[in-house]
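# Structure at a glance
Listed below are the residues making up each chain.
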Amino acid sequence: MNAAGRRFTVSTRLPRYRAALAQLPVSAGPADDVRGGVAVVPGSGDWWQGVLAARAGGALAVVLADPGMLPRGAVDGSPWPRDIPVIVDRPGLRADVVADAAQARQSSQPRMLTIDCAAPAAGMAGVVLDGIGWARSLMGAGLKLCSGASTTGATMALLEGWGVDGMATPVTLMATRTGGRRPGGLIRVVAHGEVRTEVTIDQPAGLVCIETSTGEGVFRAPLRYEAPARLALRRAMEACVSGQPADDLADLLADMAVAAGIAAL
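Residues numbered from 1 in each chain as written. Predicted model: local features only at pLDDT ≥ 70, side-chain atom pairs only at ≥ 80, totals over all residues. Heavy atoms only, no water.

## Topic: the sheet that holds strand β1 (residues 8-11)
So the rule is basically this: Only strands that DSSP links by at least two bridges are regarded as paired with each other. Under the DSSP-based scheme used, a helix requires at least four consecutive residues in state H or I and a strand at least two consecutive residues in state E, with every element numbered from the N terminus. With axes taken as lines fitted to C-alpha atoms, and helix axes fitted only over the stretch in contact, angles between N-to-C directions fall between 0 and 180 degrees.
Read from one edge of the open sheet, five strands run β2-β1-β3-β4-β5, paired in parallel fashion. Of all strands in the sheet, those with a lone pairing partner are β2 (28-30) and β5 (86-89), marking the two edges. Strand after strand, the sheet turns through a mean of 25 degrees between neighbouring axes, direction not considered. As defined by bridge partners, strand β3 (residues 38-42) adjoins strand β4 (residues 61-65) across five bridges and the pair is classed as parallel.

Spelled out as structure tokens, the structure:
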């Protein structure tokens, strides 16, 4: 049972979320109607309208599953009203893994970050999007695109961000297009400074490795075995119970704005 002893209904047609529901029999159950429960919105196509429709239909919370890049102009520019939480399930940016990496840094601000991405052309946008999300998470602040260049096989960009200390932090990104049609790709983010964090995510291999280096040695974050769909449903229910707004959607849209600029290079 969840923290408030409530049982939620979940509306979804996605197989992996139905499987996650089967693992949460006490705190959640399936439903055809979104009203009064958690609505799972697929991240394909114009998912923004799906999120708005779930809110209009009376959902208590929304889980946005594996969101793709939205076309320009899909979001009207007005902020999300935040009257219901939106939990975003991003394949290369798990909330619990991000929390592990941030905790291990012990509030030490990075001096520079590098983002390396590799994926087939069809999946490159999503891999770059999550790489940007990792850089933002490690800095604790958003990024802006300063300059860049692109060829048939690769894109290079220089970005800048500001940490919580107000200092400008340079960020470099290199995205290499690979052959094949296999979904997913490789993300490697390194935060340099007094504390060094190295994030390696190999989606086809199912590898996630977070290493933090300090003066005391190297710490490797423990593996997380919970399925991403189950984690997203738990977070959505916990957000309903706590009443605390989630920043997932605002962070996603901010990352998308930067990724769209890079894609246009």
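## With respect to helix α3 (residues 95-105)
For clarity, the cut-off: Burial classes: relative accessible area under 20% of the type maximum marks a residue as buried, over 50% as exposed, and values in between as partly exposed (1.4 Å probe, protein chains only). Here a residue-residue contact requires only that any non-hydrogen atoms of the pair lie within 4.5 Å.
The complete set of buried residues in α3 reads Asp 96, Val 97, Val 98, Asp 100, Ala 101, Ala 104 and Arg 105. Turning to α3, the residues buried within the fold contact α4 (124-139), β10 (186-192), β11 (196-202), β12 (207-214), β13 (217-220) and α5 (228-242). Gln 106 occupies a position one or two residues after α3 and carries a positive phi of about 55 degrees.

## Comments concerning the sheet that holds strand β8 (residues 154-162)
Strand order across the open sheet formed by eight strands is β7-β8-β9-β6-β10-β11-β12-β13, with mixed pairing between neighbours. Each of the sheet's edge strands pairs with one partner strand only, and the pair in question is β7 (143-150) and β13. Averaged over neighbouring strand pairs, the angle between their axes works out to 15 degrees when direction is ignored. The sheet contacts of α3 involve β10, β11, β12 and β13, and relative to β12 the element is tilted by about 10 degrees. The sheet contacts of helix α6 (residues 248-263) involve β7, β8 and β9 (168-178), and relative to β8 the element is tilted by about 145 degrees.

## A few points about the environment of Ala 125
Note that Ala 125 resides in helix α4. Note: C-alpha distance between Ala 125 and Gly 68 (57 residues apart in sequence) is 7.9 Å.

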